[in-house]
Amino acid sequence: RISGETDFPCIYGERVGLGRSYVKLDGKLTYNKWCEGIRLGRNYTGDGRSHLMDFNVGGVEVGTRGSEVKLAEAGIVPVTLDVAALLDEKTNGSIRGRPFSHKPYWHIERARVGDSRDVEVELLLNGLPVQRKRGKADGNMKRLDFSLKVDRSSWVAARIFGSSHTNPIWVIV
């Protein structure tokens, strides 16, 4: 399962919280429930500036039912998720122009489309982007719906490249 953390002070010495894992829990937060959520894959990682919540493929929410969708044959599966992101109105060229091998490794500025305030949410099939939806990173929550053709057993995830990434859901054909 994917998880994110800062590795303070080894990679980043500025502060903790630059890389994060957001875990969906039922009931009261406890450390053990949080760890179990990571183990089950009920989480996504990110830089704290974008959020990919309630990721669902074919009626299975990530981290539930083994994160597996079973199909009798190849077909179309619905994919949904709730997305929120926040970009400053003006671009930050000092971050945007850096290679991904330079700090900050994760920052939503790297996901900005042109000079707009838009970012693209990518749907991944076996690690490759197969669909994209563009939206304004204004801090508001938006529901995204996709229809994904799955020809063979595969894994599906969503990301805002350089800012956030979900755990996968496996589609077994």
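Remember, predicted model here, so these are calculated numbers, not experimental data.

Re the packing of aromatic side chains
Within the structure shown, the criterion is met by two aromatic pairs. Their ring planes at 15° and their centres at 5.1 Å tell us that Tyr22 and Tyr44 sit as a pair that is stacked. Taken together, the residues span a long stretch of sequence, with Tyr22 in strand S1 (residues 20-23) and Tyr44 in strand S2 (residues 43-46) at a distance of 22 residues. By relative accessible area, which is 24% here, Tyr22 ends up partly exposed. Relative accessible area serves as the criterion here: at 7%, Tyr44 is assigned to the buried category. Residue placement shows Arg110 over the ring face of Phe100; its charged tip is 4.7 Å from the ring centre. Above the ring of Phe146, the side-chain terminus of Lys133 is found at 4.9 Å from the ring centroid.

Structural notes on the side chain of Arg159
By secondary structure assignment, the location of Arg159 is in strand S10 (residues 154-160). Look at Arg159 and you get buried, because its relative accessible area is 14%. Beyond its immediate sequence surroundings of up to four residues, Arg159 is in contact with Leu52, Glu120, Val121, Glu122, Leu124, Pro129, Ser164 and His165.

Here we look at the sheet that holds strand S3 (residues 50-57)
The sheet built from four strands is open, its strands ordered S4-S3-S6-S9 with antiparallel pairing. Of all strands in the sheet, those bounded by a partner on one side alone are strand S4 (60-61) and strand S9 (142-150). Sheet topology note: the S3/S4 ladder contains two bridges and is antiparallel. Bridging from a neighbouring strand, Val57 pairs with Val60 of S4.

Re the pattern of salt bridges
Inspection of every chain in the model, using the stated rule, returns 18 salt bridges. In this structure, Glu61 and Lys24 form a salt bridge, with 3.0 Å as the shortest nitrogen-oxygen distance. One end of the pair, Glu61, is in strand S4; the other, Lys24, is in the loop between S1 and helix H1 (31-40), and 37 residues separate them in sequence. Put simply, Asp118 and Arg134 hold a salt bridge, and the shortest N to O gap is 2.9 Å. In this pair, Asp118 sits in strand S7 (residues 118-125) while Arg134 sits in strand S8 (residues 128-136), placing the two residues 16 residues apart along the sequence. Taken together, the shared-partner salt bridges connect Lys24, Asp26, Arg42, Asp54 and Glu61 into one network.

Structural notes on the pairing of strand S12 (residues 169-172)
Only one face of S12 is buried: it carries Ile169 and Val171, and the other face, with Trp170 and Ile172, is open. The sheet contact formed by strand S5 (residues 68-70) and S12 spans three bridges and is parallel. Bridge assignment links Lys70 to a residue of S12, and that residue is Ile172. Where S10 and S12 come together, three bridges link them in antiparallel fashion. Across the sheet, residue Val156 finds its bridge partner in S12, namely Ile169.

Reading guide: rules and limits
- Positions within a chain are numbered from 1, following the residues in the order the chain's sequence is written.
- Two thresholds apply to this predicted model, a pLDDT of at least 70 for residue-level local features and 80 or more for giving and counting side-chain atom pairs, whereas whole-chain, interface and lining totals are computed over all residues.
- No hydrogens and no water enter the side-chain calculation; it runs on all heavy atoms of the structure.
- For Phe, Tyr and Trp, rings pair up if their centres lie within 6.5 Å, where Trp contributes its six-membered ring, and each pair is then called stacked (planes under 30 degrees apart), edge-to-face (over 60) or tilted (otherwise).
- Secondary structure is summarised from DSSP: a helix means a run of H or I of at least four residues, a strand means a run of E of at least two, and numbering begins at the N terminus for each.
- Burial classes follow relative accessibility: with a 1.4 Å probe on protein chains only, a residue under 20% of its type's maximum area counts as buried, one over 50% as exposed, and anything between as partly exposed.
- Either the NZ atom of lysine or the CZ atom of arginine qualifies as a charge over a ring when it sits within 6 Å of the ring centre and within 35 degrees of the ring normal.
- It only takes one pair of heavy atoms within 4.5 Å for two residues to be counted as in contact.
- Should DSSP find at least two bridges between two strands, the strands are taken to pair.
- Basic side-chain nitrogens of Lys or Arg form a salt bridge, by our definition, when they fall within 4 Å of a carboxyl oxygen of Asp or Glu.

In short, shape yes, function no, at least from these values alone.
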